[in-house]
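One letter stands for each residue in the lines below.
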Amino acid sequence: AGRVARRRSSTTCRTRRSRGTPTRAERSLWCCRACGATTIVHYVPNKAFPRHTHTGGEEFVVLQGVWRDDYGAFPKYSYVRNYIGSSHEPSMGPEGCVIVVKLRQMSTLVEEPMHTSWNVDPNVEEGWVDVGPNRKAKQVYKSK
């Protein structure tokens, strides 16, 4: 596993819809030598992003709002994995969305479905196990 570098940067990413309406997402990026990038992204309400493909895969947790794309609508506490080669066209609803996303870390040695998701809501007791004082864990994915 790679070590997370101490360097942190904040940038503003701008993309454009086919109609030319600017779409904005505030990003806080943590660089990782071995595995690509881990980013917190704040998506603006009522905006869409162009279709794109994840050549190294992506996984993310919805921290606020609802993530919407070709695979469905994923509310706060959804954990989503989009495998290598998956593509989607995200669009944010009126509540916007905040995610923490990790890109370009999946391996072709372990084949996965193009898309999987789990509910990781800490307020839902099912699946959580005690791992220490005031600490719980929920396994949602395990590589082979």
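Residues numbered from 1 in each chain as written. Predicted model: local features only at pLDDT ≥ 70, side-chain atom pairs only at ≥ 80, totals over all residues. Heavy atoms only, no water.

### Some remarks on the nonpolar core
In terms of nonpolar packing, the biggest core is built from 13 residues, with Tyr-43, Phe-60, Val-62, Trp-67, Cys-97, Ile-99 and Val-101 touching the most fellow members. Elements supplying a minimum of two residues to this core: strand S3 (36-43), strand S5 (58-69) and strand S9 (97-103). The element that contributes the greatest number of residues to this core is S9, accounting for four residues. Apart from the residues lying within four places of it in its own chain, the contact partners of Val-62 are Trp-67, Phe-74, Pro-75, Lys-76, Tyr-77, Ser-78, Cys-97, Val-98 and Ile-99. (Core = buried A, V, L, I, M, F, W, Y, C linked by side-chain atoms within 4.5 Å. Buried < 20%, exposed > 50% of the residue type's maximum accessible area, 1.4 Å probe, protein only. Helix = DSSP H or I, 4+ residues; strand = E, 2+ residues; numbered from the N terminus. Contact = heavy atoms within 4.5 Å.)

### A few points about the side chain of Glu-112
Relative to the assigned elements, Glu-112 resides in the loop between S9 and strand S10 (115-119). For Glu-112, the side chain forms a polar contact with the side chain of Arg-81, separated by 2.7 Å. Leaving out residues up to four positions away in the same chain, Glu-112 has contacts with Arg-81, Tyr-83, Met-106 and Tyr-141. (Polar contact = N/O pair within 3.5 Å; in protein donor to acceptor, adjacent residues only side chain to side chain.)

### What about the pattern of salt bridges?
Scanning the model with the defined rule gives five salt bridges in all. Of the charged contacts in the structure, one is a salt bridge between Glu-59 and Arg-81, with a shortest N-O distance of 2.9 Å. Residue Glu-59 is located in strand S5, and its partner Arg-81 is located in strand S7 (residues 78-82); the two are separated by 22 residues in the primary sequence. The salt bridge partner of Arg-68 is Glu-95, with a shortest N-O separation of 2.6 Å. Of this pair, Arg-68 sits in strand S5 while Glu-95 is found in the loop between strand S8 (86-88) and S9, placing the two residues 27 residues apart along the sequence. Among the charged side chains, a network of salt bridges with common partners joins Glu-59, Arg-81 and Glu-112. (Salt bridge = Lys/Arg side-chain N within 4 Å of Asp/Glu carboxyl O.)

From the geometry alone we can't say anything about function, so treat these as descriptive.
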